[in-house]
Amino acid sequence: MQSQPTRRHTPPGRAGGRAALAAAALAAALTATGVSAAAPAAADSPALGSGTGIFDGRVPLTTTRTASTYLLQDPTRGNTDTVDGQTHAILTDADNVWGNGLPTNRQSAAVDAQFTGVAVWDYFKSSFNRLGVRNDGKGVRSVVHYGSNYPDVFWSEDCGCVNYGDGAGNAHPMTELDIGAHEITHGVTSATAGLGYSGESGALNESTSDVFATMVEFQANIPADVPDYFIGEKADLHGDGTPLRYLDRPSRDGASADYWSPSLPSLDPHYASGVGNHFFFLLAEGSGPRVINGISYDSPTVNGAVLTGIGRTKAAAIWYRALTQYLTANATYHTARAATLAAARDLYGTSRTEYAAVAAAWTAVNVTGPTPG
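Calculation rules
Residues numbered from 1 in each chain as written. Predicted model: local features only at pLDDT ≥ 70, side-chain atom pairs only at ≥ 80, totals over all residues. Heavy atoms only, no water. Helix = DSSP H or I, 4+ residues; strand = E, 2+ residues; numbered from the N terminus. Buried < 20%, exposed > 50% of the residue type's maximum accessible area, 1.4 Å probe, protein only. Contact = heavy atoms within 4.5 Å. Phe/Tyr/Trp six-rings, centres within 6.5 Å; stacked < 30°, edge-to-face > 60°. Lys NZ or Arg CZ within 6 Å of the ring centre and 35° of its normal. Pairing = 2+ DSSP bridges. Polar contact = N/O pair within 3.5 Å; in protein donor to acceptor, adjacent residues only side chain to side chain. Axes fitted to C-alpha atoms, helices over the stretch in contact; angles between N-to-C directions. Parallel < 35°, antiparallel > 145°, perpendicular 65-115°, else oblique. Left-handed = near helix turned anticlockwise from the far one by under 90°. Nonpolar A, V, L, I, M, F, W, Y, C, P; charged D, E, K, R; others polar. Salt bridge = Lys/Arg side-chain N within 4 Å of Asp/Glu carboxyl O.

## Some details on the environment of Arg252
(1) Moving on: By the element assignment, Arg252 lies in the loop between β14 (245–246) and α5 (269–272).
(2) Moving on: Here Arg252 falls in the partly exposed class, since its relative accessible area comes to 33%.
(3) Moving on: Separated by 10 residues in sequence, Arg252 and Thr242 place their C-alpha atoms 9.8 Å apart.
(4) Moving on: The residues touching Arg252, leaving out its near neighbours within four places in the chain, are Phe230, Tyr246 and Ser296.

## As for the packing of aromatic side chains
(1) Moving on: Across all of its chains, the model carries 22 aromatic pairs by this definition.
(2) Moving on: Here the aromatic rings of Tyr123 and Phe212 are separated by 6.2 Å at their centres, their planes lie at 45°, and the arrangement is tilted. Linking Tyr123 in helix α2 (residues 106–128) with Phe212 in helix α4 (residues 199–220), this pair joins segments that are 89 residues apart in sequence. For the pair Tyr123 and Phe212, a shared accessibility class is recorded, and that class is buried.
(3) Moving on: By way of ring pairs, the aromatic residues Phe218, Tyr229, Phe230, Tyr246, Phe281 and Tyr297 are connected into one cluster.
(4) Moving on: When the ring centre of Phe218 is taken as origin, the NZ or CZ atom of Arg312, which lies over that ring, is 3.8 Å away.

## Remarks on the pairing of strand β15 (residues 288–292)
(1) Moving on: Both β15 and strand β16 (residues 295–299) contribute to a ladder of 5 bridges, which runs antiparallel. From the neighbouring strand, Val291 faces β16, where its bridge partner is Ser296.
(2) Moving on: Remark: 2 residues form the turn of the hairpin made by β15 and β16, two consecutive strands paired antiparallel; Asn293 in that turn has positive phi of roughly 55°.

## What about the side chain of Asp84?
(1) Moving on: Here Asp84 lies in strand β6 (residues 80–84).
(2) Moving on: Engagement of the side chain of Asp84 in a polar contact is seen with the backbone nitrogen of Gln86, the distance being 2.8 Å.
(3) Moving on: Not counting residues up to four positions away in its chain, the partners in contact with Asp84 are Ala89, Leu91, Arg106, Val144 and His145.

## Quick look at the packing of helix α6 (residues 274–285) against helix α7 (residues 312–325)
(1) Moving on: Running from N to C, α6 and α7 cross one another at 135°; their axes reach a closest spacing of 7 Å. In terms of axis orientation, α6 runs oblique to α7. Relative to α7, the crossing made by α6 is right-handed. Contact residues: Gly276, Phe279, Phe280, Leu283, Ala284 and Glu285 in α6; Arg312, Ala315, Ala316 and Trp319 in α7.
(2) Moving on: A class-by-class count of the residues in the contact of α6 with α7 yields 7 nonpolar, 1 polar and 2 charged.

## Description of the pattern of salt bridges
(1) Moving on: Scanning all chains against the criterion turns up 12 salt bridges.
(2) Moving on: In this structure, the salt-bridge partner of Arg141 is Asp81, at a minimum N-O distance of 2.4 Å. On the criterion of sequence distance, the pair formed by Arg141 in strand β10 (residues 141–146) and Asp81 in strand β6 is long-range, its members being 60 residues apart.
(3) Moving on: On the basis of relative accessibility, which here comes to 10%, the residue Arg141 falls in the buried class.
(4) Moving on: By relative accessible area, which is 3% here, Asp81 ends up buried.
(5) Moving on: Here Arg312 and Glu285 are joined by a salt bridge, their closest N and O atoms 3.2 Å apart. Of this pair, Arg312 sits in helix α7 while Glu285 sits in helix α6, and the two are 27 residues apart along the sequence.
(6) Moving on: In this structure Arg312 comes out as partly exposed when scored by relative accessible area, which is 23%.
(7) Moving on: A residue is classified by how much of its surface remains accessible, and Glu285, at 16% relative accessible area, is buried.

## Quick word on the sheet that holds strand β9 (residues 97–98)
(1) Moving on: With mixed pairing, 5 strands are arranged side by side in an open sheet as β8-β4-β3-β2-β9. Two strands lie at the open edges of the sheet, namely β8 (92–93) and β9, each paired on one side alone.
(2) Moving on: Bridge analysis of strand β2 (residues 45–53) against strand β3 (residues 57–65) gives 9 bridges, and the strand direction is antiparallel. What sits directly across from Thr52, in β3, is Arg58.

Structural data, given as structure tokens:
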């Protein structure tokens, strides 16, 4: 399957630079220094440590113990590791207690990034028996402190890694859990449906990343980042404390679409993803006002229908099967409707509530079509 180009997290106007070229250069540097092939020596062993991240707070970390130090590499999860983008080396520590929660400590962003890589591995393995982004048993690589003053985070197929900038003044790392999980999921999408990155296929690509970033956050369930249906709410990229995106009513961000319309393909994929995000929320949780984990939501429907959700676990299972079995590179929202109905049929049958709920949720976001029995 053809590789996807580099994916940026933020919509146009929020970050610049030649990310793809820089990522290729980074990949070459990692290979030249031998880091890209890093695997624990025979004498190395897993060690249970802990870290304090900027966004994640205090979290457990499984690392690799060598004769002289600890590597920020998890040998129990496909050697998921974190590299310093300035030294091109896997981070090390003497006592296996990493970071202090402050951006001035270079390990703090690495704690967030490593925890995200592990959380993504754990979610896809426990939910779908998927072992790594490409299902090849290899953990993801995270690169922190990428570039200088780089105000974004992106997945690169060139290095098969997620790259985190430190933001303005190198003081605002973008290592929030759902942001990183969003980027890593672009790699999963590339390895499965191969969704494009323009028009509605691009919207579905972005929405897929938002959906599974949300699922990773719910499964991780850490106190410092209470699970929610928002994306990027802790990073404060707007500067006013608001999230980047909302799944319950995407238009809350002032730009995303709640419902499908013929003009949707003209939107940036980040904004057009609102239709898929809204569908997922309605399928998982239902319509109207509700409170989840102390957070208030109110999800409308285009047709005034009152919907009851089937739960996020079933909704995500349907999306994942559609992604891996039915969606193709040039998918649209209408073909996604058919794909998710086929997935629901496979998983639950056509006479079950789940199948009808998929059709109803798509209709509620104005993606209509036949519902085969």
